[in-house]
Amino acid sequence: MASSNPFASILKTLEKPGGGEFGKYYSLPALGDPRIDRLPYSIRILLESAIRNCDEFQVKAKDVEKIIDWENSSPKQVEIPFKPARVLLQDFTGVPAVVDLACMRDAMNMLGGDSNKINPLVPVDLVIDHSVQVDVARSENAVQANMELEFQRNKERFGFLKWGSNAFDNMLVVPPGSGIVHQVNLEYLGRVVFNREGILYPDSVVGTDSHTTMIDGLGVAGWGVGGIEAEAAMLGQPMSMVLPGVVGFKLSGKLKDGVTATDLVLTVTQMLRKHGVVGKFVEFYGQGMSELSLADRATIANMSPEYGATMGFFPVDHVTLQYLKLTGRSEETVSMIESYLRANNMFVDYSQPQVEKVYSSCLELNLEDVEPCMSGPKRPHDRVPLKEMKADWHSCLDNKVGFKGFAIPKESQSKVVEFSFHETPAQLRHGDVVIAAITSCTNTSNPSVMLGAALVAKKACELGLEVKPWIKTSLAPGSGVVTKYLEKSGLQKYLNQLGFNIVGYGCTTCIGNSGDLHESVGSAISENDIVAAAVLSGNRNFEGRVHPLTRANYLASPPLVVAYALAGTVDIDFETEPIGLGKDGEQIFFRDIWPSTEEVANVVQSSVLPEMFKATYEAITQGNPMWNRLSVPLSTLYTWDPNSTYIHDPPYFKSMTMSPPGPHGVRDAYCLLNFGDSITTDHISPAGSIHKDSPAAKYLMERGVDRRDFNSYGSRRGNDEIMARGTFANIRIVNKLVKGEVGPKTIHIPSGEKLTVFDAAMRYKSEGQDTIILAGAEYGSGSSRDWAAKGPMLLGVKAVIAKSFERIHRSNLVGMGIIPLCYKPGQDADTLGLTGHERYTIDLPSSVSEIKPGQDITVVTDNGKSFTCILRFDTEVELAYFDHGGILQYVIRNLIAGKQ
């Protein structure tokens, strides 16, 4: 059991500069260990957390030694516990988390425990940002209209979250219409240093959204985890993690004139993806840091999931302190932050000589080498220099279907489709832009690119350029501050003139909440097989994510989004071809509307002011009229409504007893699905629209829900019945069992029938048959989506055999009791001659003590094949979760047994 902290002797007092004290802190310098001076800053945060939480039970002194000895221990993949200071949720992942907590309270009651023990022990901030859709665009009234629709659709979910904010301690819910979670975290929620009960310590956060890493730009250690892991962290469980390697990324020089932070992040993403940083921290350093504003740093940190790192970390320095003051943090708070971090050797002072840090490997980028670029058409790390866009587009039309190919026959590449838009004659060609969205926390948190976009709009309007009326343009800022500085600069009116009216404060197009295209545009695309394009300032462009009808999706800076909206196509060479004709019929080129870095900096300087942040965030906590009108029960146990199609009591704990079920092998299992590489969590558990012919649609219609009220899968994550039916329901999924046919179907092997994945899974379950999944490399990449593990578990999937797994998805599978297995290097289903028509047996010892993390396991098929896989339970703690049937069952039993 827990005992007193063995590091109590290094608890020191932090004096205030003007007398008095801030509080006590665990002093790293007081350890007197020279190894600490060479540690990367990101590792020092893990070290401080381990020291402060050391109780020789959850965190042991030997864990502290592993971290101090990082230089020698990290190559050995050692396991450490980590207790983050707080947890961050958004509503798509937050609703199922609160459902699980409510259902855990019921389970505690059922097993005779105290249900009030199910309460967050650390601060939990939940920002509602994923529900607003771009139903109304290009209208002065768009914000209000979209918010009214958002509340109509989501009233039940919002009421449930409001109940949660009252029923659970330590839970702050930021109402809809306030902004995007990561931008609100950066501008308001981020503490940088905590001062709780007289103890100071660094802020750290895990969030149920992979872009939680944005806060790393503020020097706060944060990354995305599955919802299941986040719930355990809330309840005081240490997170078990492999002590990561740290890639040092040295920056020098400064960006050339007219180059944006978005161009920089897409360049960094491509470099790091190529270097290979999965499971590692990336730490930025070097003289180039002084040239990067905090917003630029946050943009780079935000896209950590796209380059594959756990974190993209920028240690706190003078730039951080200036940003804290700009965003309205008090002088006293900023003074405490600086004093603490300096005293604990966690502050970088570039005016002082720097001690050489040790890194696992190093990369270097001269900022002067960055050039304007975009990424696409289907992956964030497929960077295309702007000057090569036209040529790249033509090769994509020619190439066979793949990440860089659409296989459009030469003779139909230049076809023109005539259609009528509001009785005006209109045309569509391959590569024409139908969605242009300034969206996403990645970029809307950055005043330089936002005001840059507004300057492009101003120059374009003054020259007489217009955006075609059938292009769906939108502007969705991540916080109300953006509106304030766009108004102050006098530039919002030019964005409005081009159709970039503000549509709401939330994720919108970046997560696929782009709303419908006009019917005439949609028909022109689908009936003529046009490869239409979306250009957005988001962070993900996987196929089928942004909009079902845009097969080409390009990530670009906000000013480039405006430029491509004006051009109306991605099939253009901006250097040699005009964007359009001005009011006197003269040709207008890209260079005529592109602002200089100095022009942008001047507007930022005069328009972005501290009082804007203060006013915005004072208003946030007061809610808004629609939110404040929601009435919710005051009970601590939730009263489940059996007729609700949004919130449903899940089956996870229904037959639970106090004895762990023990490990399970797999016997004569059928293959439910056989996949190739790069199956994302969007394929496994889509967040977007519910297709009219899907099992989820059938379920809703049987319960009297009208098609226009289906809402999205993401908004219905509080209902396990819908989410199970939505598992593997992505319309673009490719399953080898159906021989190249695209869509959510599979073969029920015993009968040979082709069925929806859900129907096939239910048939196997009713016949008492286990199922497994075969997959390629990077299985489960993309968003940290716990339903991508919960859904397969509810479908009866017992194991996934893949070439490799994305970090968060693998741990989510473990958390739900699904066995993750990796083929040996150089092997996969094809080299082993597996078709998916075999039956699979995976033998595991019946006692968990006989299983070792990462051990070899033999898989045998019914047609005589036998091959060895690596068991991807990576830590002893994960084996304990497996023994208990899942992480939440483990937590409940431990809480009842009083082991917390």
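The structure contained in this document is the topic of the report that follows. These numbers come from a predicted model, not from an experiment.

The number of helices and strands found in the chain is 31 helices and 34 strands. Since a compact globule built from 900 residues should have a radius of gyration of about 29 Å, the 27 Å found for the chain is in line with a globular shape. In terms of its C-alpha atoms, the chain occupies a principal-axis envelope of roughly 80 × 80 × 55 Å. Contacts in the chain between residues far apart in sequence, at least 24 positions, make up 75% of those at least 6 positions apart. Here the chain has roughly 31,400 Å² of accessible surface; of this, 49% comes from carbon and sulfur atoms. For the chain, the centre of its 87 positive side-chain charges and the centre of its 104 negative side-chain charges are spaced 2 Å apart.

Alignment of strand 18 (residues 417-421) against strand 19 (residues 424-428), held across five bridges, turns out to be antiparallel. Bridging from a neighbouring strand, Phe-421 pairs with Thr-424 of strand 19. What sits between strand 18 and strand 19 in their antiparallel hairpin is a turn of two residues, with His-422 showing a positive phi close to 45°.

A word on the sheet that holds strand 10 (residues 221-224). Pairing within the open sheet is parallel, and its five strands lie in the order 6-5-4-9-10. The open sheet has two free edges, formed respectively by strand 6 (171-174) and strand 10, since each of these has just one partner strand. Strand-to-strand twist of the sheet, defined as the mean angle between neighbouring strand axes without regard to direction, takes the value 20°. Taken together, the four bridges between strand 9 (residues 204-207) and strand 10 define a ladder with parallel strand orientation.

Applying the stated criterion to the full structure yields zero disulfides. No disulfide involves Cys-869; its nearest neighbouring cysteine sulfur is the one of Cys-822, lying 7.9 Å away.

Let's shift gears to the packing of aromatic side chains. In the structure shown here, the tally under the stated rule is 29 aromatic pairs. Their ring planes at 25° and their centres at 5.3 Å tell us that Phe-82 and Trp-223 sit as a pair that is stacked. Here the residue Phe-82 occupies a position in strand 3 (residues 79-82), and Trp-223 occupies one in strand 10, the gap between them amounting to 141 residues. You can call Phe-82 buried: its relative accessible area is 1%. When its relative accessible area of 2% is taken as the criterion, Trp-223 is described as buried. Among the aromatic residues, ring-to-ring pairing joins Phe-160, Trp-163, Phe-168, Tyr-638 and Trp-640 into one connected group. Residue placement shows Arg-379 over the ring face of Phe-403; its charged tip is 3.8 Å from the ring centre.

Turning next to the sheet that holds strand 34 (residues 866-871). Reading around the barrel, the seven strands line up as 26-29-30-31-34-33-32 and close back on themselves, with mixed pairing between neighbours. Geometrically, the sheet is characterised by an average inter-axis angle of 40° between neighbouring strands, direction not taken into account. Relative to strand 31 (residues 819-823), strand 30 (residues 797-802) runs parallel, the two sharing four bridges. Counterpart to Ala-799 in the pairing with strand 31 is Ile-819.

The contact between helix 11 (residues 318-326) and helix 12 (residues 331-343) brings their axes to 9 Å, and the two run at 160°. The orientation of helix 11 with respect to helix 12, classified from their angle, is roughly antiparallel. Of the two elements, helix 11 crosses helix 12, and the hand of that crossing is right-handed. Contact residues: helix 11 offers His-318, Leu-321, Leu-324 and Lys-325, while helix 12 offers Glu-331, Val-334, Ile-337, Glu-338 and Arg-342. Per-class residue counts for the contact of helix 11 with helix 12 are four nonpolar, one polar and four charged.

The end-to-end C-alpha distance of helix 12 is 18 Å, a good match for the 18 Å that 13 residues give at a rise of 1.5 Å each. What helix 12 keeps buried is the set Val-334, Met-336, Ile-337, Ser-339, Tyr-340 and Leu-341. Once helix 12 finishes, Asn-345 follows within two positions and takes phi at roughly 55°, a positive value.

Moving on to the side chain of Asn-711. Relative to the elements of secondary structure, Asn-711 occurs in the loop between helix 25 (695-702) and helix 26 (720-725). Relative accessible area serves as the criterion here: at 9%, Asn-711 is assigned to the buried category. A polar side-chain atom of Asn-711 sits 3.1 Å from a polar atom in the side chain of Asn-154. Side-chain polar atoms of Asn-711 contact the side chain of Ser-715, separated by 3.2 Å. Look past the residues within four positions of Asn-711 in its chain and what remains in contact with it is Gln-133, Arg-153, Asn-154, Tyr-646, Ile-690 and Arg-716.

One pass over the full model with this rule turns up 46 salt bridges. Across the salt bridge formed by Asp-830 and Lys-736, the nearest N and O atoms sit 3.6 Å from each other. Pair noted here: Asp-830 is in the loop between strand 31 and strand 32 (839-842) and Lys-736 is in the loop between helix 26 and strand 27 (745-748), with a separation of 94 residues, a long-range link. Accessibility expressed as a relative area gives 55% for Asp-830, which makes it exposed. For Lys-736, a relative accessible area of 35% puts it in the partly exposed group. Members of the salt-bridge network, linked through shared partners, are Asp-33, Arg-35, Glu-65 and Asp-69.

Conventions we followed
Residues numbered from 1 in each chain as written. Predicted model: local features only at pLDDT ≥ 70, side-chain atom pairs only at ≥ 80, totals over all residues. Heavy atoms only, no water. Helix = DSSP H or I, 4+ residues; strand = E, 2+ residues; numbered from the N terminus. Rg over C-alpha atoms; globule rule 2.2 N^0.38 Å. Contact = heavy atoms within 4.5 Å. Areas by Shrake-Rupley, 256 points an atom, 1.4 Å probe, with all protein chains shown as cover. Lys, Arg positive; Asp, Glu negative; His and termini not counted. Charge placed at Lys NZ, Arg CZ, Asp CG, Glu CD. Pairing = 2+ DSSP bridges. Axes fitted to C-alpha atoms, helices over the stretch in contact; angles between N-to-C directions. Disulfide = S-S within 2.5 Å. Phe/Tyr/Trp six-rings, centres within 6.5 Å; stacked < 30°, edge-to-face > 60°. Buried < 20%, exposed > 50% of the residue type's maximum accessible area, 1.4 Å probe, protein only. Lys NZ or Arg CZ within 6 Å of the ring centre and 35° of its normal. Parallel < 35°, antiparallel > 145°, perpendicular 65-115°, else oblique. Left-handed = near helix turned anticlockwise from the far one by under 90°. Nonpolar A, V, L, I, M, F, W, Y, C, P; charged D, E, K, R; others polar. Expected span 1.5 Å × (residues − 1). Polar contact = N/O pair within 3.5 Å; in protein donor to acceptor, adjacent residues only side chain to side chain. Salt bridge = Lys/Arg side-chain N within 4 Å of Asp/Glu carboxyl O.

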